[in-house]
Amino acid sequence: LEPSAAVRSPQPAPLVIDNGSFQTRAGWACPDPSVPAEPLLRFRSLAARSRGARGGAGAETQVGNDLGSPEPLRWLLRSPFDRNVPVQLELQELLLDHVFQRLGVSSQGCVDHPIVLTEAVCNPLYSRQMMSELLFECYQVPKVSYGVDSLYSFYHNRRQNWPCSGLVISSGYQCTHILPVLEGRLDAKHCKRINLGGCQAAVYLQRLLQLKYPGHLAAITLSRMEEILHEHSYIAQDYTEELQKWRCPEYYEDNVHKMQLPFSNKLLGSTVASEEKQEKRQQQLRRLQELNARRREEKLQLDQERLDRLLYVQELLEDGQMDQFHKALVELNMDSAEELQSYINKLSLSVEQTKQKILQSEVNIEVDVVDSKPETPDLDPLGSEQSLEDVESINEFEPLFAEEQPEVEKPVAAVQPVFNLAEYHQLFLGTERIRAPEIVFQPSLIGEDQAGIAETMQYVLERYSKEQQAILVQNVFLTGGNTMYPGLKARIQKELLEMRPFQSSFQVHLASSPVLDAWYGARSWAVEYMNREEGWISRKDYEEKGGEYLKEHCASNVYVPIRLPKQAPRAAEASAPSRASGTGNPSEQP
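An unreviewed UniProt entry lists the protein chain under the name Actin-related protein 5, from Notiomystis cincta. Recorded under Sequence similarities (unreviewed entry), the UniProt text for the protein chain is reproduced unchanged: "Belongs to the actin family. ARP5 subfamily." The UniProt entry for the protein chain carries the following text under Subcellular location (unreviewed entry): "Nucleus".

Engineer: Can you tell me about the overall build of the protein chain, naming the residues and giving the values?
Structural biologist: Counting its regular elements, the protein chain contains 20 helices and 19 strands. In the protein chain, which comprises 590 residues, the share counted as buried stands at 43%. Here the analysis covers contacts within the protein chain between residues at least 6 apart in sequence; of these, 71% occur between residues at least 24 apart.

Engineer: Describe in detail the packing of aromatic side chains, supporting the description with residues and values.
Structural biologist: Given two aromatic rings, their pairing is described by the distance between the two centres and the angle made by the two planes. Per the counting criterion, the structure on display carries eleven aromatic pairs. Pairing tryptophan 525 with tyrosine 529 gives two aromatic rings, centres 4.9 Å apart and planes at 15°, and the pair type is stacked. Given a relative accessible area of 10%, tyrosine 529 falls into the buried group. A centroid spacing of 5.4 Å and a plane angle of 45° characterise the contact between tryptophan 525 and tryptophan 536, whose relative ring orientation is tilted. With a gap of eleven residues between them, tryptophan 525 in helix α18 (residues 517-528) and tryptophan 536 in the loop between α18 and β19 (537-538) connect regions that are remote in the sequence.

Engineer: Give a description of the UniProt feature "coiled-coil region" (unreviewed entry) in the protein chain that names residues and reports values.
Structural biologist: In the UniProt entry, the feature "coiled-coil region" (unreviewed entry) is given for residues 274-308. Strand forms 0% of residues 274-308 and helix 100%; the C-alpha atoms that close the span are 50 Å apart.

Engineer: Residues and numbers for helix α16 (residues 466-473), please.
Structural biologist: Buried within α16 are the following residues: Gln469, Leu472 and Val473. Each buried residue of α16 lies within a common arc of 90° when the element is viewed along its axis, so the set occupies one face. Taken together, the buried residues of α16 touch β11 (166-171), β12 (176-182), α15 (453-461), β17 (476-479) and α17 (488-499).

Engineer: Provide a residue-level description of the nonpolar core, including the pertinent values.
Structural biologist: Grouped together as the largest cluster of nonpolar side chains are 43 residues, with contacts concentrated most on Ile169, Leu209, Ile453, Ile492 and Leu496. Of all the secondary-structure elements, those providing two or more residues to this core are β11, α4 (198-212), α5 (222-232), β16 (426-429), α15, α16, β17 and α17. When residues no more than four places from it in sequence are discounted, the contact partners of isoleucine 169 are His177, Ile178, Ile453, Met457, Val476, Phe477, Leu478, Thr479, Thr483 and Ile492. The next biggest cluster of nonpolar side chains, apart from the first, holds 36 residues, and it includes Leu41, Val105, Val111 and Ile537.

Engineer: Go over the side chain of glutamate 432, please, and point to the residues and values.
Structural biologist: With respect to the secondary-structure elements, glutamate 432 resides in helix α14 (residues 432-435). On the accessibility criterion, glutamate 432 (6% relative accessible area) is buried. At a separation of 3.5 Å, a polar atom in the side chain of glutamate 432 contacts the side chain of lysine 212. Ignoring sequence-local partners within four residues, the contact set of glutamate 432 consists of Leu205, Leu208, Leu209, Lys212 and Pro437.

Engineer: Give me the lowdown on the packing of α15 against α17, citing residues and values where you can.
Structural biologist: Look at α15 against α17: their axes get within 10 Å of each other, and the N-to-C directions meet at 45°. Compared by their axis directions, α15 and α17 come out oblique. For the pair α15 and α17, the crossing hand works out as right-handed. Touching Ile453, Ala454, Met457, Gln458 and Leu461 of α15 are Ile492, Glu495, Leu496 and Met499, all from α17. For the contact of α15 with α17, the residue count by class is seven nonpolar, one polar and one charged.

Engineer: So what's going on with the sheet that holds strand β6 (residues 77-78)? Residues and values would help.
Structural biologist: Spatially, the three strands line up as an open sheet ordered β5-β4-β6, and their pairing is antiparallel. Among the strands making up the open sheet, the edge pair consists of β5 (60-63) and β6. Contacting β4 (47-50), β5 and β6, helix α1 (residues 89-102) crosses the sheet at an angle of about 70° to β5.

Engineer: Break down the sheet that holds strand β2 (residues 23-28) for me, citing the residues and quoting the values.
Structural biologist: Pairing in this open sheet of six strands is mixed, and the strands run β3-β2-β1-β9-β10-β19 from one edge to the other. In this open sheet, the two edge strands, each paired with only one partner strand, are β3 (41-44) and β19. In the sheet, strand β9 (residues 115-119) pairs with strand β10 (residues 143-148) via five bridges, with the strands oriented parallel. The partner of isoleucine 115 across the bridge, within β10, is valine 144.

Engineer: Can you explain helix α9 (residues 322-331)? Please cite residues and give values.
Structural biologist: If you check which residues of α9 are buried, you get Phe325, Ala328 and Leu329. Each buried residue of α9 lies within a common arc of 105° when the element is viewed along its axis, so the set occupies one face. In this structure, α9 carries Asp323, Lys327, Val330 and Glu331 as exposed residues pointing more than 90 degrees from its buried face. Positive phi shows up at asparagine 333, right after α9, with a value of about 60°.

Engineer: Could you give an account of the environment of arginine 78, with specific residues and numbers?
Structural biologist: With respect to the helices and strands, the residue arginine 78 is situated in strand β6. Residue class for arginine 78 comes out partly exposed when judged on its relative accessible area of 45%. Separated by 31 residues in sequence, arginine 78 and alanine 47 have C-alpha atoms that sit 5.3 Å apart. Not counting residues within four places of it along the chain, the set of residues in contact with arginine 78 comprises Ser45, Leu46, Ala47 and Leu91.

Engineer: I'd love a proper account of the pattern of salt bridges, names of residues and values included.
Structural biologist: Here the structure, examined in full by the defined rule, presents 18 salt bridges. Residue aspartate 66 is joined to arginine 102 by a salt bridge in which the shortest nitrogen-to-oxygen separation is 3.0 Å. Here aspartate 66 is found in the loop between β5 and β6, whereas its partner arginine 102 is found in helix α1, with 36 residues between them in sequence. Judged by its relative accessible area of 36%, aspartate 66 falls in the partly exposed class. On the accessibility criterion, arginine 102 (34% relative accessible area) is partly exposed. Each of Glu137, Arg539 and Glu543 takes part in salt bridges that share partners, so that together they form one network.

Cut-offs and rules
- Residues numbered from 1 in each chain as written.
- Predicted model: local features only at pLDDT ≥ 70, side-chain atom pairs only at ≥ 80, totals over all residues.
- Heavy atoms only, no water.
- UniProt positions renumbered as here; feature names shortened; annotations may be inferred.
- Helix = DSSP H or I, 4+ residues; strand = E, 2+ residues; numbered from the N terminus.
- Buried < 20%, exposed > 50% of the residue type's maximum accessible area, 1.4 Å probe, protein only.
- Contact = heavy atoms within 4.5 Å.
- Phe/Tyr/Trp six-rings, centres within 6.5 Å; stacked < 30°, edge-to-face > 60°.
- Arc of directions from axis to C-beta.
- Core = buried A, V, L, I, M, F, W, Y, C linked by side-chain atoms within 4.5 Å.
- Polar contact = N/O pair within 3.5 Å; in protein donor to acceptor, adjacent residues only side chain to side chain.
- Axes fitted to C-alpha atoms, helices over the stretch in contact; angles between N-to-C directions.
- Parallel < 35°, antiparallel > 145°, perpendicular 65-115°, else oblique.
- Left-handed = near helix turned anticlockwise from the far one by under 90°.
- Nonpolar A, V, L, I, M, F, W, Y, C, P; charged D, E, K, R; others polar.
- Pairing = 2+ DSSP bridges.
- Salt bridge = Lys/Arg side-chain N within 4 Å of Asp/Glu carboxyl O.

Here it is in structure tokens:
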């Protein structure tokens, strides 16, 4: 992508990177209207390094959207994240290289743009230290700012009448967080994390469908399950009651979703091929029948002309015209009247047989073609060459007739499969639509010994006084890609209604764009604080205070520096025993 000139002047614009465990989103934070106020680059946070071919080029590394479909490379895929914390910085460097190259960062040897990067809630100091070291030492960035993605989304969606306090529920690809925000700042002491998210829901859905359809194990891939989860799942307001509804056949027929899996049509192809082959043979047979009928008519005409001539010579004998009779016999290459009569009898029989065959073929066309060998006289002085050509031409079609004859006598029915192959490769999504996303409320469904969202939310609220609880529940905010299920907002309202006191009020809000609002919030913060010192870690700060250092701002984590116990100097430790030995009685010393 060719960056706009406004990105470079009058000063380098900040580069905003939402470093998510599922997807990375990157774009510019520039107030100029020529620069799009949306992420220009979105790709999966995955990398695959294929082995080089023998005798060829070396290993090839593919990142993000260059991978195409991840299923063929599933065993090669690597992610820099452990849950939602980046731990493998070599892979993180590949993702950042991909971002800088695709966004057209043209500076040589360094990245001279400020970086706004999202990080996990209560990110370990070691992870931030390694990330700062990568950005400052490898890319030579001038300054960097770290913030929490869900807090960026919270402040991006904050309206005029919204309070600065609230309870943020962020559910992503790997984890779900409950974040209390009081007076505009994150209360990190009472943050809670549930190690469940969209990844675990997709794996659970894959297991459910593989158990339901054991014949389609290879087709039920994780990528398809993620697609089904995003497009066809929903949160039940009352899980037990919803399962009872699915037991009704009418409700099942009205709400079941049918998914068509790709399948190979080899069996159908063989059936179609046999039908096409049979139809082709029938057409060929009809053409041969027409050709044979036309040849029979031509042969009948020629035989009739020869028979008429022989009968004319016989009439000469009966009329007593002996001279003309003997002259005609010589022309016919015959010796006597008996030989002439023999030829007349044979031609008459041949003409009658040909007429019968023509009549039979006209009456019933479906009957097999009769043998087309002509029964011609042994000696035919008139047109013998034409008769032999007819015999040879029809003999050429004898193999075809020999093949077609059993097909016509015993027509082969089209081979139909026992079942419809397309219907066999269909997935019927019934209760799976609610069972997969339900794990964030009931982790015990997949054997996890954790509390669900409702229990964790109640546990967090109980850490505060009643007045603070009332303030927090007035703004329960849902964000993250795993909160886009239909019915989630109603389910949270139902859970709050059950746990809150009678006639108490609460409000639940859903982010306008749960996936992209973190990036939009980070961009808004970067544009507002572009020329301020607040929230930015400069290279000088990095060198003086270490890579784990964090400058706090409204959407950041709370910085907790490492406190190591002070050790006494070694020199003092060495002098202490000597002083103790020197203070004794001099008489006791040798």
